[in-house]
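For reference, the chains in residue letters:
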Amino acid sequence: MTDSELVTAADVQLMQGLAQRVTATRPDLVNSDASYGELAWNWGKGHAAEGASWRRRLWFSGADPVAWSWATLPHRVRRSDGSVKDVTGAYLAYQVHPGHAGLVDEVIDWYDAVAADAERTVRPSAADEFGLERWAAHGYTADQDALGHTGSWTQLNERDLTDVEQPVLPRGFRFRTADEAGPQAAVQAHLDAWAPSTYTAEGYQGVRRTAPYRGDLHLLVEAPDGTMASSTIMWLDEVNRTAEFEPVGTHPDYRRLGLARAMLLHGMLLARAAGATHTTVACLGAPGHPEARGLYHSVGFREFTRDAPLIRTRTAG
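Computed from a prediction, not measured in an experiment: that's the story for all the values here.

Draft legend 1. Structural view of the packing of helix H8 (residues 259-273) against helix H9 (residues 290-298). It is the contact of H8 with H9, at a shortest axis distance of 10 Å, that shows an interaxial angle of 45°. When the axis of H8 is compared with that of H9, the two are oblique. At the point where H8 passes H9, the crossing takes the right-handed sense. Residues Ala260, Arg261 and Leu264 of H8 lie in contact with H9, whose contacting residues are Leu295, Tyr296 and Ser298. Considered class by class, the residues forming the contact of H8 with H9 number 4 nonpolar, 1 polar and 1 charged.

Structural data, given as structure tokens:
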């Protein structure tokens, strides 16, 4: 067990190791922000701009981590359009191995201590009945805003790779990789799709530093005018033979052309060639956010688990 410290790339590798072990036995218990690929993406893109607001704690059994906590404390971020956003609440990403479920109480106590008097949110797996009982016992309740019609709760989708449709791009478009297109194009593709964004060239350097990143599995669709119109990163977990798409985005001027659909199918074929037997992708699950969910369902993904957003306000004791 270690004390509260900043989150390093080495910490993320330990967290990913736990994600792989939980995925192997109870994939429905992997929290939405604790998957193999999500951990790498979140640390890489945010370590430079937001890393000073991160704290973490790890619990071990022998040499293996069996639980971890990653708290984001109140901070200020600057976005690509020059705007500034103040994040006033605290957020916790965490994972506990099901064989050490009782550690969730220590996770909660640590979070309450490090977040001090900030409003606190967390997103356990909805399948984690024991964990949800313990969060409730510590004063956490369902986050009704996150659960609303346009709320921010997340579902995780999966599909196998036994039968993958051949991708078809519109005339003049072509698939590229980040290795081919270069860092500047890869960063701009993300900024165009997600504007305004906190992503930067330095953030992309962090992504490239993470252990599972592969430039040949960072896919883009190039438009006839040279614009990188759509992009995604695939995170290959060789232990579990899975590939995770995170993030997936398309330039607003090139949406509804079937680019993302073709890119996902192309990625599935590449993932299968790399040894994966199935793929996963997360999306917002609320009824008011049908676009991404419809896209993923159109290429064969189906929901297999979701998160259960919880909150504890400053007045909750």
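Draft legend 2. Local environment of the sheet that holds strand E2 (residues 64-72). Spatial strand order, E1-E2-E5-E6-E15-E7: 6 strands in an open sheet with mixed pairing. Bordering the open sheet on either side are strand E1 (54-61) and strand E7 (141-142), each of which pairs with just one other strand. Running over the sheet, helix H2 (residues 36-50) touches E1 and E2 and is turned about 140° from E1. Sheet contacts for helix H3 (residues 104-115): E1, E2, strand E5 (90-96), strand E6 (120-122) and strand E15 (310-312); angle to E5, the most-contacted strand, approximately 160°.

Draft legend 3. Expanded view of the sheet that holds strand E14 (residues 302-306). With mixed pairing, 7 strands are arranged side by side in an open sheet as E9-E10-E11-E12-E13-E8-E14. Every interior strand has two partners, whereas the edge strands, strand E9 (174-177) and E14, have only one. This sheet shows a mean twist of 30° between the axes of neighbouring strands, independent of strand direction. Summarising the sheet, strand E8 (residues 154-160) and E14 pair through 4 bridges and their orientation is antiparallel. Bridge assignment links asparagine 157 to a residue of E14, and that residue is glutamate 303.

The rules behind these values
- Sequence order sets the numbering: in each chain, residues are counted from 1 along the sequence as written.
- Where totals are concerned, whole chains, interfaces and linings use all residues; where local detail is concerned, this predicted model gives features only for residues with pLDDT of at least 70, and gives and counts side-chain atom pairs only at 80 or more.
- Each side-chain value is worked out from all heavy atoms of the structure, with water and hydrogens disregarded.
- Interaxial angle, 0 to 180 degrees, is taken between N-to-C directions of lines fitted to C-alpha atoms, where a helix line uses only the stretch in contact.
- Elements are defined by DSSP. Helices are runs of H or I of four residues or more, strands are runs of E of two residues or more, and each kind is numbered from the N terminus.
- Throughout, the term roughly parallel applies to angles under 35 degrees, roughly antiparallel to angles over 145, roughly perpendicular to angles from 65 to 115, and oblique to all others.
- Here a crossing is called left-handed whenever its near helix is offset anticlockwise from the far helix by less than a right angle, and right-handed whenever the offset is clockwise.
- In this description, contact between two residues means that some pair of their heavy atoms is separated by no more than 4.5 Å.
- Polar here means any residue outside two lists: the nonpolar Ala, Val, Leu, Ile, Met, Phe, Trp, Tyr, Cys and Pro, and the charged Asp, Glu, Lys and Arg; Gly therefore counts as polar.
- Any two strands are treated as partners once DSSP identifies two or more bridges connecting them.

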